[in-house]
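The primary structure of each chain is shown beneath.
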Amino acid sequence: MRQYRPENVDPALLQQVLDVSAHAPTGVNARKLWVGVMDDMDRMQAFREDVYARLADKALHNALPQCRRTAFFAAAPRLWKEQGIDGIFRGAPHFVLVGNAKDAPCQEQDPLIYLSYMELYAQSLGLGTTWCGLLYWCLQLMLPELLPELGLPETHSFQYAMLLGEPAIRYARTVEYGPATVHRIQWK
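Residues numbered from 1 in each chain as written. Predicted model: local features only at pLDDT ≥ 70, side-chain atom pairs only at ≥ 80, totals over all residues. Heavy atoms only, no water.

Visitor: Explain the overall build of the chain residue by residue, including any values.
Guide: A count of helices and strands for the chain gives six helices and four strands. Projected onto its principal axes, the C-alpha coordinates of the chain cover approximately 60 × 40 × 35 Å. Burial status across the chain gives 41% buried among its 188 residues. For the chain, the share of sequence-separated contacts (at least 6 apart) that also reach a separation of at least 24 residues comes to 82%. Charged side chains of the chain number 18 positive and 20 negative; the gap between the two group centres comes to 9 Å. (Helix = DSSP H or I, 4+ residues; strand = E, 2+ residues; numbered from the N terminus. Buried < 20%, exposed > 50% of the residue type's maximum accessible area, 1.4 Å probe, protein only. Contact = heavy atoms within 4.5 Å. Lys, Arg positive; Asp, Glu negative; His and termini not counted. Charge placed at Lys NZ, Arg CZ, Asp CG, Glu CD.)

Visitor: An account of the packing of helix α2 (residues 41-60) against helix α5 (residues 133-142) is requested, with residue identities and associated values reported.
Guide: It is the contact of α2 with α5, at a shortest axis distance of 12 Å, that shows an interaxial angle of 50 degrees. As far as their axial angle goes, α5 and α2 are oblique. As α2 runs across α5, the sense of the crossing is left-handed. Counted together, F47, V51, L55 and K58 of α2 and C138, L139 and M142 of α5 form the full contact between these two elements. Here the contact of α2 with α5 is composed, by residue class, of six nonpolar, no polar and one charged. (Axes fitted to C-alpha atoms, helices over the stretch in contact; angles between N-to-C directions. Parallel < 35°, antiparallel > 145°, perpendicular 65-115°, else oblique. Left-handed = near helix turned anticlockwise from the far one by under 90°. Nonpolar A, V, L, I, M, F, W, Y, C, P; charged D, E, K, R; others polar.)

Visitor: Tell me what's going on with the nonpolar core, and back it up with residues and numbers.
Guide: Ranked by internal contacts, the top residues of the largest apolar core, which has 47 residues, are V51, L55, I88, F89, F95 and L135. With near-sequence residues (within four places) excluded, V51 lies in contact with I88, F89, C138, L143 and L146. (Core = buried A, V, L, I, M, F, W, Y, C linked by side-chain atoms within 4.5 Å.)

Visitor: I'd love a proper account of the packing of aromatic side chains, names of residues and values included.
Guide: Summed over all chains, the structure comprises eight aromatic pairs. Between Y136 and F158, the aromatic rings sit 5.3 Å apart at their centres with planes inclined by 35 degrees, giving tilted as the arrangement. Placement of the pair is Y136 in helix α5 and F158 in strand β4 (residues 156-165), with a sequence separation of 22 residues. Here Y136 falls in the buried class, since its relative accessible area comes to 18%. Residue classification places F158 among the buried positions, given a relative accessible area of 3%. Through pairs of rings, three or more aromatic residues link up here, namely F47, Y52, W80, F89 and F95. One cation-aromatic arrangement involves R69 over W137; the distance from NZ or CZ to the ring centre is 3.4 Å. (Phe/Tyr/Trp six-rings, centres within 6.5 Å; stacked < 30°, edge-to-face > 60°. Lys NZ or Arg CZ within 6 Å of the ring centre and 35° of its normal.)

Visitor: Outline the sheet that holds strand β2 (residues 94-101), supporting the account with residue identities and numerical values.
Guide: An order of β1-β2-β4-β3 is seen for the four strands of this open sheet, with the pairing classed as antiparallel. Both edges of this open sheet fall to β1 (33-38) and β3 (128-131), since each of them pairs with a single strand only. The average undirected angle you get between the axes of adjacent strands in this sheet is 25 degrees. As judged from the four bridges shared by β3 and β4, these two strands associate in the antiparallel manner. Within the sheet, the bridge partner assigned to T130 lies in β4 and is L163. Those strands touched by helix α4 (residues 109-124) are β1, β2, β3 and β4, and its axis lies near 150 degrees from that of β2. (Pairing = 2+ DSSP bridges.)

Visitor: Which residues make up the environment of I169, and what values do they have?
Guide: For I169, the location among the structural elements is in the segment after β4. Judged by relative accessible area, which is 28%, I169 ranks as partly exposed. Residues I169 and Y4, spaced 165 residues apart in sequence, show a C-alpha to C-alpha distance of 7.7 Å.

This is the structure:
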């Protein structure tokens, strides 16, 4: 989902999604995830404005880290300011960030399992989700100083982000890809 209605998800429904997602399995049952949620549209708007302002300032001072995504993050604030194009957050009213303890046995896998559970449950309730690599790269590469401000403890590393909200569009069905492509493994 890349288009959201400009409204908060019902707080009880959002909490239900978070509560169910908390049951996602983790490696060796370590349960060391950190989950942060932006659960209010007004705070989300303030955060969005702050992110674009910080990116604009870094771009102006040539302070954005150089990587293959630098050009996007340098242009994103101008597109937001001049055309109202929200390339990073896609107008979503909420996001969920997931990190894991640096000493967790399955540091990268556990957050992805968590977000998969969250996405499936949220969509079963009619909510829209977006796996948001752009928000992940923005926070991980361009503005890592925001992570402690968002509450990520030093003992944890940020792993991924998901956008969440009421979808602006309803699809009658998903794309049909056909039968699964599976390799049948033969052994001995």
